[in-house]
Amino acid sequence: YKRNGIYYMVYAAFAEGQGNEHLAYSISDSPTGPWVYRGVIMTEEGGTFTNHPGIADFKGHSYLFYHTGELPGGSLFHRSVCVAEFNYNEDGSIDTIAKCDGVYAV
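First, a word on what this report is: a plain description of the structure on this page. Everything numeric here is computed off the predicted structure, so don't read it as measured data.

Counting residues in hydrophobic clusters, the biggest one holds 17 residues, and the most contacted among them are I41, L64, I94 and I97. Breaking this core down by element, the ones donating at least two residues are β2 (6–13), β3 (22–28), β4 (36–42), β6 (61–68) and β7 (80–86). With residues near it in sequence (within four places) discarded, I97 still touches I41, M42, L64, A84 and F86.

Here you go:
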């Protein structure tokens, strides 16, 4: 996606020796790259293999959508959708985003 002239690619990635995916991002000046790795946006602790991120801006706020297997009965293919609000830094970078800390009914 493009935001303030920067193209972002968010994706699931593996750290060497880890069994769960973390979420990372890269940036570019062009939608076809070259892409520059910028870091981890969500760590793998308590994660679920095959995590997939999505980012949306809505009414002036930015949100990361992702999933976990943390609800009772959760597992590889029994996932819970989560959303976390976050802010971009002034330079467009994204700090590590904390996972949901509970279950909320909407």
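The subject of this paragraph is the sheet that holds β6. A sheet is described by the order of its strands in space; here 3 strands give the open sequence β5-β6-β7, paired in antiparallel fashion. Every interior strand has two partners, whereas the edge strands, β5 (54–58) and β7, have only one. With direction set aside, neighbouring strand axes in the sheet form an average angle of 30°. When β5 meets β6, the two strands line up antiparallel, connected through 5 bridges. Following the sheet pairing, G54 is matched in β6 by F65.

Inspection of every chain in the model, using the stated rule, returns 1 salt bridge. In this structure, D57 and R3 form a salt bridge, with 3.9 Å as the shortest nitrogen-oxygen distance. On the criterion of sequence distance, the pair formed by D57 in strand β5 and R3 in strand β1 (residues 2–3) is long-range, its members being 54 residues apart. Looking at D57, the relative accessible area reads 47%, which means it is partly exposed. What makes R3 partly exposed here is its relative accessible area of 22%.

Time to look at the pairing of β7. Of the two faces of β7, the one lined by S80, C82, A84 and F86 is fully buried and the one lined by V81, V83 and E85 carries no buried residue. Judged from the 7 bridges that link them, β6 and β7 form a sheet pairing that is antiparallel. Bridging across to β7, F65 finds its partner in V83.

This paragraph deals with the environment of M42. By the secondary structure assignment, M42 is in strand β4. Judged by its relative accessible area of 1%, M42 is buried. With residues near it in sequence (within four places) discarded, M42 still touches H22, L23, L64, Y66, T96, I97, A98 and K99.

Turning to its location among the elements, H67 is positioned in strand β6. Here the side chain of H67 touches H52 through a polar contact of 3.4 Å, landing on its backbone nitrogen.

Rules used throughout
- Residues numbered from 1 in each chain as written.
- Predicted model: local features only at pLDDT ≥ 70, side-chain atom pairs only at ≥ 80, totals over all residues.
- Heavy atoms only, no water.
- Core = buried A, V, L, I, M, F, W, Y, C linked by side-chain atoms within 4.5 Å.
- Buried < 20%, exposed > 50% of the residue type's maximum accessible area, 1.4 Å probe, protein only.
- Helix = DSSP H or I, 4+ residues; strand = E, 2+ residues; numbered from the N terminus.
- Contact = heavy atoms within 4.5 Å.
- Pairing = 2+ DSSP bridges.
- Axes fitted to C-alpha atoms, helices over the stretch in contact; angles between N-to-C directions.
- Salt bridge = Lys/Arg side-chain N within 4 Å of Asp/Glu carboxyl O.
- Polar contact = N/O pair within 3.5 Å; in protein donor to acceptor, adjacent residues only side chain to side chain.

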